[in-house]
Amino acid sequence: MRTKKGQHGFSLVELLVVISFFSVMIVLIISATSFNSKSKNLYEERTQALLYAMEGMEAVKLMDWANLASGDYHLETVGSDWQLVAGSELINNQYNRTINISDVYRINSSNGHSYGEVIDSGGYLDPDTKKISVSIDWDSRTGDNMQELLEEYLYRWGAERFSQTDWIGGDGQAIWSDNTKFFSADSGVDYSIPGIATLQAGFLDWSQATTTANFDTVGNFDENDVYEKDGIAYLVTENNSWGPEFYILNVSDIYNPYQLGSLDIGSSVTSVVVKGNYAYISTADNVAELKIIDVSNTSNPFISSTYDLLGNDDSLDLAANETEIYIIQGSKLYSFSVDNPNPPQYLDDISVDDNATEIYLSENYVYVATQDDDKELQIIEVTNPANLSPTGQYDLPGALKGTDIFVRGTRAFISTQNNGSGAEFFIFDVSTPSTPLLLGSYEVNETVHSFSIVGPYALVGTNFLNEELVVLDVSFPQTINMVSGFDLDGYVLGMSANCSVIYAATSSNQGEFFIIYTLVLDCAYSDAGTLESSTFDAGSNEVIYNWLSWTGSQPIDTSIRFQFATSNNINGPWVYLGPDGTNSTYYTNSSYEFINYNSHLNQRYFRYKLYLNSQSEWQVPVLEELTISYSIY
């Protein structure tokens, strides 16, 4: 047998390789086809399982909360409604569906309300939350055991809020209809001023007022401001090359004030406010317009921190609450957090156009008196102190310059420099801060340096030489009347006052600090008063009462307290209870105190009762707003 040179063919090895290659390809094609078929089956099965799980979850969401007891269930239909029945169910002879309802526990609890993070073990039962789990288990056609699981938390409430901010409408209203009225109040409560409820003042008579004492600071420098708190007066002066600009005086005996401590600030101090252990002052210091003084030891005050505002304009005034400071400098209003005042934390600033002179903080607004002759009154919302927002303004007649401002309830009072033949003292309704409404004015006939509001009176420091202090009756803003006037030694540049005493910082060179007393022994306020609200209809007897909060002020030795009553009868009876579910305790926390859960569950109608108390002869608590949160499920 012979072959020709150059002619090639398949060897046995090569033939075997080709056969193996085609065998592998056939196996891969078959495997891929089988895999695709398996994937398709899994996809179809999981899609169907997910639909069954979603159906179960949505059915549970439609059910009455009372039927959501803990346990394992399946669905059955009764008429057109779903119903939960104990145990699992088999769907289409393949899918086993189990709906599990379980209780939820949280990390914290107060008055029966559980709140905070959900935890797996321990903690406090949250009766208003359920965990819903819907599991679908099946044996796949692929031979695998499969499961789809949906989990979700259900809540049975969405909060509504009741709020009352005014009581001037008076008593006699059994059912809530007029938001300025209430059911009853005793003689100890004064609700005559729009926007507040407080204790009734005793007899006031400024016709016999007299100076009881004065205090002469070092040198002949003006006293710019004073802040009296709990028998201690904090007095600040202009830059004093002869001595300190900050004084702490004991004024508990109004006939014999004496110095406790002092501090050299090194520049003029324009205003002072004291909160807790700190005095906050605005100054003319170009590198520290805001200064914070630790006054925990009144005999040894010291500067604990400072803040340098932008520019070199003097800061002229500040206002503070327990957590924030607001300060003006030139055309700017600044906000700072003083949760930790050392140092204060800058939050925001906003332009008030022309130079601002004085500010007053009331609830969620800062009221600004400015030298802008187009809007002497400006109102800035500070609900979020880190995002100051202009809200309202008012252009007084003429080109006036605001000198001082005060807010009580829904009324704002502003004074100006001399307006010739026009008014220098104005009263506004600020119940809607975006649109202040002028109620009345009074022609003082001179510049007003400072003023304070005590009861129905405005105590006005003027530029008159023989009547530096004027007392005005502002009970009726449309007809403001002068009550009396007093000749002092120097102009009143700043004051702190209560129903019987004025503490005055003046421009006098001989005893710059004055104490003025009415000589009326029964001036003191009532020591207690109660007010019962009208009946409020929550609209359903499937209701949970969540919390109450309030805003106002509680000077030392005074208190604001509440109790809460509910009923399923619009006429009661009304049993007033506190946070422990008895009538011997009271809600006293102004910030979201939980209402006793079980005592008021599923009661359609509610009332609140306000208790005002004072053991301080000349100080009173003031309620400005009450809010109650409730949930209909």
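Data block above holds the structure.
The paragraphs below set out a description of the structure included in this document. Because the structure is predicted, anything quoted here is derived from the model rather than measured. (Residues numbered from 1 in each chain as written. Predicted model: local features only at pLDDT ≥ 70, side-chain atom pairs only at ≥ 80, totals over all residues. Heavy atoms only, no water.)

Next up on the list: the overall build of the protein. Scanning the protein from terminus to terminus reveals two helices and 46 strands. Taken against the 2.2 N^0.38 rule, which gives 26 Å for 633 residues, the C-alpha radius of gyration of the protein at 37 Å runs more than 25% over that of a compact globule. Taken over the C-alpha atoms alone, the protein extends approximately 145 × 85 × 50 Å along its principal axes. Scored against the burial criterion, the 633 residues of the protein give a buried share of 48%. If you take every contact in the protein between residues at least 6 apart in sequence, the share linking residues at least 24 apart comes to 55%. (Helix = DSSP H or I, 4+ residues; strand = E, 2+ residues; numbered from the N terminus. Rg over C-alpha atoms; globule rule 2.2 N^0.38 Å. Buried < 20%, exposed > 50% of the residue type's maximum accessible area, 1.4 Å probe, protein only. Contact = heavy atoms within 4.5 Å.)

Here we take up a nonpolar patch on the surface. On the surface, L50, L51 and M54 cluster together into a nonpolar patch covering about 260 Å² of accessible area. Owing to a relative accessible area of 43%, M54 belongs among the partly exposed residues under this scheme. (Patch = residues over 30% accessible without salt bridge, like charges linked within 9 Å, V, L, I, M, F, W, Y side chains within 5 Å. Areas by Shrake-Rupley, 256 points an atom, 1.4 Å probe, with all protein chains shown as cover. Salt bridge = Lys/Arg side-chain N within 4 Å of Asp/Glu carboxyl O.)

Further remarks concern the pairing of strand β21 (residues 315-320). Two faces, one strand: in a regular strand the side chains alternate between the faces of the sheet. When you tally the buried positions in β21, you get five out of six residues, the bulk of the element. Bridge count between β21 and strand β22 (residues 324-329): five bridges; the pairing is antiparallel. Each bridged residue has a counterpart across the sheet, and for D317 the counterpart in β22 is I328. The hairpin turn running from β21 into β22, its antiparallel successor, is three residues long. (Pairing = 2+ DSSP bridges.)

This brings us to the sheet that holds strand β19 (residues 290-294). Taken together, four strands build an open sheet; the order of strands is β17-β18-β19-β20 and the sheet is antiparallel. The open sheet has two free edges, formed respectively by β17 (269-275) and β20 (302-307), since each of these has just one partner strand. With direction set aside, neighbouring strand axes in the sheet form an average angle of 25°. (Axes fitted to C-alpha atoms, helices over the stretch in contact; angles between N-to-C directions.)

Next up on the list: the nonpolar core. Formed by 48 residues in total, the largest nonpolar core has its most connected members in L459, F562, Y608, L610 and I628. Looking at this core, the element that brings in the most residues is strand β46 (residues 622-632), giving five residues. Residues within four places of Y608 in sequence aside, it is in contact with F162, Q164, W167, L531, E532, S533, F562, Q563, Y576, L626 and I628. (Core = buried A, V, L, I, M, F, W, Y, C linked by side-chain atoms within 4.5 Å.)

Our focus in this paragraph is the side chain of T212. Note that T212 resides in strand β12 (residues 210-215). The buried category is assigned to T212, whose relative accessible area is 15%. In this structure the side chain of T212 is engaged in a polar contact, spanning 2.6 Å, whose partner is the backbone oxygen of I254. Not counting residues up to four positions away in its chain, the partners in contact with T212 are I254, Y255, I515 and Y517. (Polar contact = N/O pair within 3.5 Å; in protein donor to acceptor, adjacent residues only side chain to side chain.)

Estimated volume of the second largest pocket: approximately 390 Å³. As for the second largest pocket, its lining consists of 20 residues, and the residues nearest its centre are T165, E363, T410, V430 and S431. Counting only elements with at least two residues in the lining of the second largest pocket, the list comes to β8 (159-164), β26 (365-370) and β46. Split into classes, the residues belonging to the lining of the second largest pocket amount to four nonpolar, 11 polar and five charged. (1 Å grid on protein atoms, 1.4 Å probe; cavity = no way out; pocket = protein on both sides within 12 Å on 5 of 7 lines; lining within 4 Å. Points joined across faces, edges and corners; volume = space filled by probe spheres on them. Nonpolar A, V, L, I, M, F, W, Y, C, P; charged D, E, K, R; others polar.)

Bringing a negative patch on the surface into the picture now. A cluster of acidic residues, D354, D373, D374 and D395, forms a negative patch on the protein surface. Topologically, D395 is positioned in the loop between β28 (389-394) and β29 (402-408). By relative accessible area, D395 is classed as partly exposed at 41%. (Lys, Arg positive; Asp, Glu negative; His and termini not counted. Charge placed at Lys NZ, Arg CZ, Asp CG, Glu CD.)

Looking at the secondary structure, you find D128 in strand β6 (residues 124-139). Side-chain polar atoms of D128 contact the side chain of Y597, separated by 2.9 Å.

Quick look at the sheet that holds strand β24 (residues 345-351) now. Strand order in the open sheet made by the four strands is β21-β22-β23-β24, with antiparallel pairing throughout. If you trace the sheet from one side to the other, it starts and ends with β21 and β24, each paired once. For this sheet the average axis-to-axis angle between neighbouring strands, irrespective of direction, equals 20°. The pairing of β22 with strand β23 (residues 332-337) spans six bridges and is antiparallel. Of the residues in β23, the one forming a bridge with I325 is F336.

One pass over the structure, following the stated rule, counts 14 salt bridges. Where R97 meets E89, a salt bridge forms, and the shortest distance between an N and an O atom there is 2.9 Å. Take R97 and E89: they sit in the same class, and that class is buried. Residue K291 pairs with D285 through a salt bridge whose shortest N-O separation is 3.0 Å. Under the relative-accessibility criterion, K291 is labelled buried at 5%. Overlapping salt bridges bring together E44, E45 and R141 as one network.

Applying the stated criterion across every chain, the model contains 29 aromatic pairs. Residues Y95 and W138 carry aromatic rings whose centres are separated by 5.5 Å and whose planes lie at 50° to one another, so their mutual orientation is tilted. Of this pair, Y95 sits in strand β4 (residues 95-110) while W138 sits in strand β6, placing them 43 residues apart in sequence. The burial state of Y95 is the same as that of W138; both residues are buried. Judged by centre distance (6.5 Å) and plane angle (25°), the rings of Y334 and F336 are stacked. Every member of this aromatic cluster is reached through a ring pair, and the members are F162, W176, F536, Y545, W550, F562, F564, F606, Y608 and Y630. Above the ring of Y586, the side-chain terminus of R561 is found at 3.9 Å from the ring centroid. (Phe/Tyr/Trp six-rings, centres within 6.5 Å; stacked < 30°, edge-to-face > 60°. Lys NZ or Arg CZ within 6 Å of the ring centre and 35° of its normal.)

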